[in-house]
Structure formats: structure tokens, C-alpha cells
Amino acid sequence: MEPLEVKICMNTQCMMKGAMDIMDQIESLNDIVGDLNLTRGINIEAVPELEGSSDPDMCPVVQIGDLVVKQATTENVMSVILDVFFLMIRRPPRSTHRL
């Protein structure tokens, strides 16, 4: 299974409003995912800019898959990531048999 793609804006405004703390928390979660031997990891990428990050009122900005989280906090980013993981875990496997 493909890793979950997470991009974190690291422009000056985002960094001043907590982007590094968010990145540290996601890296900690990624360590736990590895310890639990889950089939899907988290690919974390620091980027210079994301949609909305040029507006200081929207910073920090994090992209989780296709979802862009503006005014991101560690709490709401972790909540979205965990929701994605639990959806993947709870989703029943697809049957390849036809009735």
C-alpha cells in the first residue's frame, strides 16, 4: 500500500506559527506506524510553499493526501492523519470473486 503523502509548508510565516512542531509530531507518529508494522507509512516532505501559505493568516499549511489544512495545528493534522489510517484499516478487503 502506498504511503500517505504529507507536505508541510516551511516558509517563514508557517515556521513562525508552528510548522516545525507539526513536522516533529508527524515524524513521531511515523515511528509508531513502523513499530506497529502497519502496511502504510507516512511520507513527509517539507516544501517552500503550499496553497494558501502566502497569506499569513492561513499559516501554517499542511497537505495530507489531497486535503489542504490551513491554520494547521498539531491536533487537527494528527486527527486527519489518524482518520485516514483508521479508514484504511476498517475498510473491508475487496473481493475478487464475482457472484
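Up top is the structure these notes are about.
Throughout what follows, the structure given in this document is the object of discussion. On a predicted model such as this, the values are computed, not experimentally measured, just so you know. (Residues numbered from 1 in each chain as written. Predicted model: local features only at pLDDT ≥ 70, side-chain atom pairs only at ≥ 80, totals over all residues. Heavy atoms only, no water.)

1. Remarks on the environment of Thr 73
Note the following rule: Think of it this way: any DSSP run of H or I at least four residues long counts as a helix, any run of E at least two long counts as a strand, and we number them from the N terminus.
Among the secondary structure elements, Thr 73 is positioned in the loop between strand S4 (67-69) and helix H3 (74-90). Once the C-alpha coordinates of Thr 73 and Val 61 are considered, the two residues, 12 residues apart in sequence, prove to be 9.0 Å apart.

2. Things to note about the side chain of Ser 53
Cut-off, in case you're wondering: Each residue's exposure class comes from its accessible area (1.4 Å probe, protein chains only) as a fraction of the maximum for that residue type: buried when under 20%, exposed when over 50%, partly exposed otherwise. The contact criterion used throughout is that any non-hydrogen atoms of two residues lie within 4.5 Å.
For Ser 53, the location among the structural elements is in the loop between strand S2 (42-47) and strand S3 (62-64). Taking the relative accessible area as the measure of exposure, Ser 53 reaches 0% and is therefore buried. With near-sequence residues (within four places) excluded, Ser 53 lies in contact with Cys 9, Asn 11, Gln 13, Cys 14, Cys 59 and Val 61.

3. Some words on unusual backbone geometry
The amide bond that connects Cys 59 to the next residue, Pro 60, takes the cis arrangement and shows omega of -5°. In this structure, Gln 71 is a non-glycine residue whose phi angle is positive, near 50°. Within the element layout of this structure, Gln 71 appears in the loop between S4 and H3. Taking the relative accessible area as the measure of exposure, Gln 71 reaches 46% and is therefore partly exposed.

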